[in-house]
Amino acid sequence: MALIIKNGTIVTAKDTYQGDLLINGERIELIGLNIPTAENDTVIDATGKYVFPGGVDVHTHFELPFMGTVSADDFETGSRAAICGGTTTFIDFVIPEKGKPLQQGLQSWKQKAAKAVADYGFHMAIVEYTAAVAEEIPAIIEQGITSFKCFMAYKNVFQVDDGQLLAVLKNAGQHGGLVSVHAENGDIIAMLTQQFLKENKVTPKYHWRAHPAIAEAEAVERAITLADFIGQPIYIVHLSSADGLEKVKAAVARGAHVIAETCPQYLLLHSDLYCQPGFEGAKYVMSPPIRPKDHLEKLWAGINKGYIQVVATDHCPFNFSGQKDMGEGDFSRIPNGIPAVGDRFNLLYTYGVVQKRISLNRFVDVVATAPAKIFGLYPKKGSIVVGGDADLVIFDPKATAKITAEHQNHNVDYSAFEGFALKGLPHTVLLRGKVAVREGIYVGEPGGGKFIPRTASGKEM
Ligand code: DUC
Ligand code: ZN
Ligand code: ZN
């Protein structure tokens, strides 16, 4: 009793070809032309559709306690939005409390994530480096949490200094872990924030003005230099600016091992949105902020040239009413973040592939294959291979829609991409061989997602 997907156009990061897929249980068992069907087999006709690997979003914050509130999507609503939008695996950030064991943070995240309906892993944030934390790092890696994140911003909250970042790079690196950074200079941001508030410059626009591109460029360069000194690679999360990208390019030219991620908001939204009347700009308050228009095509070019390997989301939604408005009268209190996990795959297809900024294969690479490879999920996740998990998106390139707050799957009262037209949508989504989305409608099982441990060497566990 197999499931057979017939006559689709199979797309991987390298190839595009006509073929059938035979799925037995959770895995792809056979790829070929005209695979014969038996009487008990279920057949999905994918004529006229693409068959993509399920998307892999390696940067989400579901149910995150942050800035005096909690991000509005929990693991259930967030992962449901993800899977409806073609993303079958996500990696969320455990952000442990200062002074508490990393293990305690991990247990708390595992409990919250039990209701996920897509598969998932975790990164571990290191918000202070103490002797106790140092001791725990190898045990965290042993449990399949093989990547770490340090914040170079959020002074007095999450920010680590260079000494701590060096220590994390050394310790995690010695045990095969990969270190990522939120690369913004937190001291520049803190100084400008204080200055603007003192001058009574309190509107959302000043969030953007307090996070200049040079703060990103400086931190990107410093992080790469520190990682290079230790002899480890570095992964830059949510690269937002052409200035930061220039630092990545220069480092690659001198042979440094740097991996960069950007997000749809930095490719498609620009800083004029902060200058709207009233409090509207709060909808786009995130860190780093969106940049002036001329940065956008430079980031797309960075994807095409291979300097940016991953498009993730930094999904961290807050309701406009009741959460973002905590910062009316003080931009520094606006919770940072936007909803995006359900939109990433479709936005990248429409504004990348359809609008001819990236090829179909580059699309698959940045939304699925490269993130799976970098974070040790490949070949189980992120591609279409015999033996791999049958996480598949049967995608109708003719379907159209418009993103609206009203019709989104995120649990939040606005969309940062309101009115964006989409050409091409997921029709059917499979998670480990089971149909989770049929004709665009969610039909998956409660708690159908599974924790995927990763190995330090980047191989499947
Ligand atoms: N940036 C955001 O906008 N939200 C969550 C954390 C972050 O770094
Ligand atoms: Zn960040
Ligand atoms: Zn983040």
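Each value, and the rule that gives it
Residues numbered from 1 in each chain as written. Chains lettered and ligands numbered in written order. Predicted model: local features only at pLDDT ≥ 70, side-chain atom pairs only at ≥ 80, totals over all residues. Heavy atoms only, no water. Core = buried A, V, L, I, M, F, W, Y, C linked by side-chain atoms within 4.5 Å. Buried < 20%, exposed > 50% of the residue type's maximum accessible area, 1.4 Å probe, protein only. Domains from an automatic or database assignment. Contact = heavy atoms within 4.5 Å. Near = heavy atom within 4 Å. Polar contact = N/O pair within 3.5 Å; in protein donor to acceptor, adjacent residues only side chain to side chain. Areas by Shrake-Rupley, 256 points an atom, 1.4 Å probe, with all protein chains shown as cover. Nonpolar A, V, L, I, M, F, W, Y, C, P; charged D, E, K, R; others polar. Axes fitted to C-alpha atoms, helices over the stretch in contact; angles between N-to-C directions. Helix = DSSP H or I, 4+ residues; strand = E, 2+ residues; numbered from the N terminus. Parallel < 35°, antiparallel > 145°, perpendicular 65-115°, else oblique. Phe/Tyr/Trp six-rings, centres within 6.5 Å; stacked < 30°, edge-to-face > 60°. Lys NZ or Arg CZ within 6 Å of the ring centre and 35° of its normal. Arc of directions from axis to C-beta. Buried area = accessible area lost by both parts, 1.4 Å probe. Salt bridge = Lys/Arg side-chain N within 4 Å of Asp/Glu carboxyl O. Donors = N, O, S within 2.8 Å, 3.2 Å for Na, K, Ca; no water. UniProt positions renumbered as here; feature names shortened; annotations may be inferred. Pairing = 2+ DSSP bridges.

What follows concerns the nonpolar core. Ranked by size, the top nonpolar core spans 120 residues in total, and within it Phe52, Phe122, Ile234 and Phe363 carry the most contacts. When residues are assigned to domains, this core turns out to be shared by domain 1 (3-52 + 387-412 + 423-442) and domain 2 (54-379), each giving three or more. Discounting residues that sit within four places of it in the chain, Phe363 has contacts with Phe52, Phe345, Leu348, Tyr349, Val353 and Ile358. Counting residues in hydrophobic clusters, the runner-up holds 14 residues, among them Ile10, Ile28, Val51 and Ile384.

What follows concerns the site of ligand 1. Near ligand 1 the following residues occur: His61, Phe66, Tyr154, His182, His238, Met286, Ser287, Asp314, Cys316, Asn336 and Gly337. Asp314 has a polar side-chain atom sitting 3.3 Å from a nitrogen atom of ligand 1. Between ligand 1 and Asn336, the relevant distance is 2.9 Å, taken from a nitrogen atom to a main-chain nitrogen or oxygen of the residue. Compared with its free state, where it exposes 240 Å², ligand 1 has 99% of that area covered by protein. In the shell around ligand 1, the residues fall into 4 nonpolar, 6 polar and 1 charged.

Let us look at the packing of helix α2 (residues 102-113) against helix α3 (residues 131-142). The contact between α2 and α3 brings their axes to 9 Å, and the two run at 45 degrees. In terms of orientation, α2 lies oblique with respect to α3. Across the interface between the two elements, Leu102, Gln103 and Leu106 from α2 touch Val133, Glu136, Ile137 and Ile140 from α3. Per-class residue counts for the contact of α2 with α3 are 5 nonpolar, 1 polar and 1 charged.

Turning our eyes to something else, we now look at the packing of aromatic side chains. Applying the stated criterion across every chain, the model contains 30 aromatic pairs. With a centroid separation of 5.2 Å and an interplanar angle of 70 degrees, the aromatic rings of Phe52 and Phe363 are classed as edge-to-face. Of this pair, Phe52 sits in strand β5 (residues 50-53) while Phe363 sits in helix α12 (residues 360-374); the two residues are 311 residues apart in sequence, bridging distant segments of the chain. One aromatic cluster is present, built from ring pairs that chain together Tyr50, Phe52, Phe345, Tyr349, Phe363 and Phe395. Between Arg80 and the ring centre of Tyr442, over which it is positioned, the NZ or CZ distance is 5.9 Å. The lysine or arginine in question, Lys110, covers the ring of Phe451, its NZ or CZ lying 4.4 Å from the ring centre.

Right, let's get into α3. The α-helix winds at 3.6 residues per turn, so residues separated by three or four positions along the chain end up facing the same way. For α3, the set of buried residues is Val133, Ala134, Glu136, Ile137, Ile140 and Ile141. Down the axis of α3, the smallest arc covering the buried residues is 170 degrees, so these residues share one side. Residues Ala131, Ala132, Glu135 and Glu142 are exposed on α3 and point more than 90 degrees away from its buried face. Summarising the contacts, the buried residues of α3 are in contact with α2, β10 (119-125), β11 (147-151) and α4 (162-174). Gly144, located one to two residues past α3, shows a positive phi value of around 90 degrees.

Attention shifts here to the domain arrangement of the protein. With domains assigned, the protein is organised as domain 1 (3-52 + 387-412 + 423-442) and domain 2 (54-379). With 31 residues of domain 1 at the contact, the number on the domain 2 side is 37 residues. Interface area, domain 1 with domain 2, both sides summed: about 2600 Å², of which 63% is carbon and sulfur. Considering only the side of domain 1, the residues that lose the most area to domain 2 are His410, Val412 and Tyr442, jointly responsible for 23% of the buried surface there. Between domain 1 and domain 2 we count 1 salt bridge in total.

For the rest of this paragraph, the subject is the coordination of the zinc ion (ligand 3). At 2.0 to 2.2 Å from the zinc ion (ligand 3) lie its protein donor atoms, namely His59 (NE2), His61 (NE2) and Asp314 (OD). Binding-site remark: the zinc ion (ligand 3) is held by donors from one chain whose sequence spacing is H-x1-H-x252-D. Taken as an interatomic distance, the gap from the zinc ion (ligand 3) to the zinc ion (ligand 2) is 3.6 Å. Overall, the relative accessible area of 5% leaves His61 in the buried class.

Before going further, it helps to spend a moment on the UniProt feature "domain: Amidohydrolase-related" (unreviewed entry) in the protein. In the UniProt entry, the feature "domain: Amidohydrolase-related" (unreviewed entry) is given for residues 50-435. Secondary structure across residues 50-435 comprises 35% helix and 19% strand; the distance between its end C-alpha atoms is 16 Å.

Now for the environment of Leu348. The topology assignment puts Leu348 in helix α11 (residues 344-354). Given a relative accessible area of 0%, Leu348 falls into the buried group. Leu348 sits 37 residues away from Val311 along the chain, and the two C-alpha atoms are 8.6 Å apart.

Moving on: the sheet that holds strand β13 (residues 234-236). On the basis of which strands lie adjacent, the open sheet formed by 8 strands has the order β6-β9-β10-β11-β12-β13-β14-β15 and parallel pairing. Edge positions in the sheet fall to β6 (55-60) and β15 (310-311), since each of these pairs with one other strand and no more. As defined by bridge partners, β10 adjoins β11 across 2 bridges and the pair is classed as parallel. The residue bridging Met124 from the neighbouring strand is Phe148, located in β11. Most of the contacts of helix α7 (residues 213-230) go to β13, to which it runs at about 165 degrees, and overall it touches β12 (178-182), β13 and β14 (258-262).

That bond from Ser287 to Pro288 is cis: its omega, -5 degrees, falls within 30 degrees of zero. You can see Pro288 is positioned in the loop between α9 (264-268) and α10 (296-304). A cis amide bond links Tyr378 to the next residue, Pro379, at an omega of 10 degrees. Structurally, the position occupied by Pro379 is in the loop between α12 and β16 (392-402). At Met67, a position not held by glycine, the phi torsion is positive, near 55 degrees. Among the structural elements, Met67 can be located in the loop between β7 (65-66) and β8 (69-70). Residue Met67 is classed as partly exposed on the basis of its relative accessible area, which comes to 28%. The phi dihedral of Asn200 is positive, around 60 degrees, even though this residue is not glycine. Here Asn200 lies in the loop between α5 (186-198) and α6 (205-209).

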